[in-house]
Amino acid sequence: MTKHLERDLGLYTTITVSIGAMIGSGLFVLPGLAAGKAGPSVVLAYFLAGLLVLPAALSKAEMATAMPESGGTYLYIDRAMGPLMGTISGLGAWFSLVFKSAFALVGLGAYLVVVLPLPAAELKLVSLGLAGGLVVINILGVKQSGRLQAFLVSFVLLVLLVFGAEGLILAQPAQFQPFFEKGVGGLLAATGFVFVSYAGVTKIASIAEEVERPDRNLPLGILVSVGVMIPIYVIVVFVIVGVTPPDILQSSLTPMADATEQILGTSAKIGISIVAVLALMSMANAGVLSSSRFPLAMSRDRLAPESFSVISDRFRTPGRSILVTGGLLVGLIAFVPVLELAKLASAFKILIFGITNAALIAFRESEVESYDPAFESPGYPWVQIAGVVGGIVLLTQMGWIPILGAVGIIAGGIVWYRFYGRERAEREGVALEAMRRRMRGSIFTRMREAFSTETGTVMVAVSENATPQDEEATLSMGAKIARRLDGRVLAARFETVPEQTTLPDAAGHVTDTDRRFEERVQALQALRDTTAEAHEIVCHDAGRAALHFVRTHDVRLLLGTVTPGRWGQEVVGADTNWLMREAPCEVAFFVPRSTTNGRPETLREIVILLPRAPYGPLKAFVADALAQSQQPSGGARIRFLTAMGADVTDAEVDTVQAFHDRLGEHCESPTTSQIIRTDDETADLVEATGDADLAIVGTVARSWLRTLLFPDRTTELLDELPCSVLLVRPQRPRQTAPIRRLIERYVF
């Protein structure tokens, strides 16, 4: 018999769940430390933080009505943007909740010192004891009544209203002078610092499966709770600042108790401390419970070890997940300063809320039929963009530790997914397909441009030490490419002379070698149907002379033969990486092998080694130009070859195949496609190349540091491939290409 989950949480209970998650350290602990950052303008900081939370609240409200199932932030981001972003968001949300719970327990310990005769010096031990107790409670599965939670929240709200009403009368205007004591930078730093106060607004989404009428109650619960808490935060913090001396407030972990003492005396101070203990205990317990669900959820999605999803037969709780969470909680309390706990909790939450806004954009733009929310966020997409930008601004004002923490979560998530989750998670987010669909148009445009028949000049750079065979092969290639471009070939031979010899003197001396070069250019069979010019260039630096020639002759493609140099590969005596970085045109470097000469007249098969991302139009164009030259004798075949990881999905293979097919449609020569799945891509690419006469491989400029630290697939292929190789680098805009390539590599 199938068991069904009953939706039994009404609107009021839903609202109290959200408010209950927000009433805690944000009110009882943070105001004092935040006032130390901003001064009296901390009141405005709480208001701004509430406004910046609204975009993520609206985004989660919409996604919750489209997917009213438990999981919340992690679920939405994972389904929208794929398991990589799901891993980052899961780790970020887990760390944020644990840090927030640790900070709440430190504050709870501070209030216990006010209520009970405990030594203030042992505050850390008290907090550690409380943390251990909560871990045990959660492992044992002690339940917290929903009605008790609603009653407690209602009672705390009543106390806060009384506190605000009494305090507004007694607040001293002098306490707010100067209002912007620490400047705008202090205001923004405090806004980021207290951002975590509103983190509980999205807790409703994690229990979405239990909410009745989710299309109505989920968005209402989220928005009403924010609408209630923003004025409560502002009023309460206004009173705290208005009645508490700054020297007491700005270093206090018990600001509510200090302010109450100023208003109503010592007895009331103890009373409000008891309320704080109850609220912080409830919040810390809910934090441990909620945070332990993230390893559990990630484990079920195969992004974390299976042991995290094991449910205890005795207590019916995910014991290992709770233990790991509890261990981190205890470690944070023991070793991380209280101020940094709050900073990092807010930084992680800002990061996750930013990704949440991006997830909504992904769902909307993907146009997935199954995404049909009952509530739609107003102001889309500008509200979400404002949320992302606002979060970035706050992070930049919070100091280096929060920034490094956010970067660390992203880097850690990427590393964890790369080495653990990637081979286990076989799904993709809807955003990937949406981005692929939108990017295909521009990629196909680049293909058409690469295969365009616009007139173009091909420069063949010939070294004075080139062998006749290499010179002939390179000139033949240049001629065939120029013919496809309906252009001309400029054969430039570079003669380097010492600095002691003036260039006019050297240029005036014409040798027999110079004359023979010009004769070969004119007589070469491959050039008969192509306009060709021979240029003898005397210089002190062949590399710079070649670049000058490219710029002054409107060259579209620079073609040269690679020779071994002192520090690496060279073309006309210049480092190939330097030439690729500096050349304002497309570049192709020929690497001859003794087994094959690479001349177009002898080619039977050309294999193009393509990465999984949609690169390769120029490589395909060059291959087609070389293969087309063979039409009288039957023509050469072109084979597209891509190696992918053994764990790739069928959808990823289909995407690569689609680009192979589109490249083939642009080629006039016969083409075939081959995609191999392997754990050793380099070795299997070499083996799959087989008896091809020429391999065309993409290349990029690499700095010496990058070459030293990271392996280069192109270099490995050059060392292993038995046939001649043509290295190709298309011309790209210098500023946008790296970003575009990173996005395309992630998407495809």
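A. Spatial organisation of the packing of helix α4 (residues 42-66) against helix α9 (residues 183-194). In contact at an axis separation of 8 Å, α4 and α9 are set at 60 degrees when each is read in the N-to-C sense. With respect to α9, the axis of α4 lies oblique. Seen along the crossing, α4 lies across α9 with a hand that is right-handed. In this structure, α4 contributes Leu44, Ala45, Tyr46, Leu48, Ala49 and Leu52 to the contact, and α9 contributes Leu187, Ala190, Thr191 and Val194. Within the contact of α4 with α9, the residues separate by chemical class into 9 nonpolar, 1 polar and no charged.

B. Representation of the packing of aromatic side chains in the model. Under the criterion given, the structure shown has 12 aromatic pairs. Relative to Phe95, the ring of Trp94 has its centre 5.2 Å away and its plane inclined at 75 degrees; by these criteria the two rings are edge-to-face. Residue classification places Phe95 among the partly exposed residues on the basis of a relative accessible area of 21%. The side chain of Lys37 reaches across the aromatic face of Phe193, ending 5.3 Å from its centre.

C. Highlighting the sheet that holds strand β7 (residues 574-575). Taking strand neighbours across the sheet as the criterion, the 3 strands line up as β5-β6-β7 in an open arrangement whose pairing is antiparallel. Looking at which strands have only one partner, the edges of the open sheet turn out to be β5 (563-564) and β7. Sheet topology note: the β5/strand β6 (residues 569-571) ladder contains 2 bridges and is antiparallel. Counted as the bridge partner of Pro564 is Gln569 from β6.

D. Up close: the pattern of salt bridges. If you walk through the whole model with that rule in mind, you get 14 salt bridges. For the salt bridge of Arg79 with Asp78, the shortest nitrogen-to-oxygen distance reads 2.3 Å. For Asp624, the salt bridge goes to Arg484, with nearest N and O atoms at 2.6 Å. Taken together, the positions of Asp624 in helix α25 (residues 617-628) and Arg484 in helix α20 (residues 468-484) put the pair 140 residues apart, joining distant regions of the chain.

E. Local environment of the pairing of strand β12 (residues 694-698). Of all the 5 residues making up β12, 4 are buried; the element is thus mostly covered by neighbouring parts of the structure. The sheet contact formed by strand β9 (residues 605-609) and β12 spans 4 bridges and is parallel. Each residue of the ladder has a partner; that of Ile606, found in β12, is Leu694. Sheet topology note: the β12/strand β13 (residues 724-729) ladder contains 5 bridges and is parallel. Counterpart to Val697 in the pairing with β13 is Leu727.

F. Geometry of a nonpolar patch on the surface. On the surface, Trp382, Ile385, Val389 and Val393 cluster together to form a nonpolar patch covering roughly 400 Å² of accessible area. Relative to the assigned elements, Trp382 resides in helix α17 (residues 382-397).

G. Expanded view of a negative patch on the surface. On the surface, a cluster of negative charge is made up of Asp647, Asp679, Asp680, Glu716, Asp719 and Glu720. You can see Asp679 is positioned in the loop between β11 (671-678) and α27 (681-689).

H. A look at the sheet that holds strand β2 (residues 488-496). Taken in spatial order, the 10 strands make up an open sheet running β3-β2-β1-β4-β8-β13-β12-β9-β10-β11, and their pairing is mixed. Strands with a single pairing partner mark the edges of an open sheet, and in this sheet they are β3 (531-539) and β11. With direction set aside, neighbouring strand axes in the sheet form an average angle of 20 degrees.

I. View of the packing of α9 against helix α16 (residues 338-366). At a closest axis distance of 7 Å, the pairing of α9 and α16 adopts a crossing angle of 80 degrees. Between α9 and α16, the angle falls in the class roughly perpendicular. In this structure, α9 contributes Gly192, Phe193 and Val194 to the contact, and α16 contributes Leu339, Ala342, Lys343, Ser346 and Ile350. Tallied by class, residues from the contact of α9 with α16 come to 5 nonpolar, 2 polar and 1 charged.

J. Summary view of the environment of Gly391. Relative to the elements of secondary structure, Gly391 occurs in helix α17. On the accessibility criterion, Gly391 (11% relative accessible area) is buried. Taking the C-alpha atoms as reference, Gly391 lies 7.2 Å from Leu351; in sequence the two are 40 residues apart.

The rules behind these values
Chains are numbered independently. Their residues run from 1 in the order of the written sequence. With the structure being a predicted model, the display of local features is reserved for residues of pLDDT at least 70 and the display and counting of side-chain atom pairs for 80 or more, all residues being used for whole-chain, interface and lining totals. The side-chain figures draw on all heavy atoms in the structure; neither hydrogens nor water molecules are used. Orientation is described by lines fitted to C-alpha atoms, with helices fitted over the stretch in contact, and by angles between N-to-C directions that extend from 0 to 180 degrees. Where helices and strands are cited, they refer to DSSP runs of H or I of at least four residues and of E of at least two residues respectively, numbered from the N terminus. To sort the angles, those under 35 degrees are grouped as roughly parallel, those over 145 as roughly antiparallel, those from 65 to 115 as roughly perpendicular, and the leftovers as oblique. In this scheme the handedness of a crossing depends on how the near helix is turned from the far one: anticlockwise by less than a right angle means left-handed, clockwise means right-handed. It only takes one pair of heavy atoms within 4.5 Å for two residues to be counted as in contact. When residue character is reported, Ala, Val, Leu, Ile, Met, Phe, Trp, Tyr, Cys and Pro are called nonpolar, Asp, Glu, Lys and Arg charged, and the others, Gly included, polar. Two aromatic rings from Phe, Tyr or Trp, using only the six-membered ring of Trp, form a pair when their centres are within 6.5 Å; if the ring planes differ by under 30 degrees the pair is stacked, by over 60 it is edge-to-face, and anything between is tilted. Exposure categories follow from relative accessible area, calculated using a 1.4 Å probe and restricted to protein chains: below 20% of the type maximum is buried, above 50% is exposed, and the middle band is partly exposed. Each ring is checked for a lysine NZ or an arginine CZ that lies within 6 Å of its centre and within 35 degrees of its normal; such an atom marks a charge sitting over the ring. DSSP bridges decide pairing: two strands pair if at least two such bridges lie between them. Think of a salt bridge as a Lys or Arg side-chain nitrogen and an Asp or Glu carboxyl oxygen that are within 4 Å of each other. In this scheme, patches are assembled from residues that exceed 30% relative accessible area and form no salt bridge. Like charges are connected within 9 Å, while nonpolar side chains (Val, Leu, Ile, Met, Phe, Trp, Tyr) are connected within 5 Å. Only the protein chains shown count as cover for residues, and the accessible areas themselves come from Shrake-Rupley with a 1.4 Å probe. Charged residues are defined here as Lys and Arg on the positive side and Asp and Glu on the negative side; His and the ends of the chain fall outside this count. Where a charge sits is defined by one atom per residue type, namely NZ (Lys), CZ (Arg), CG (Asp) or CD (Glu).

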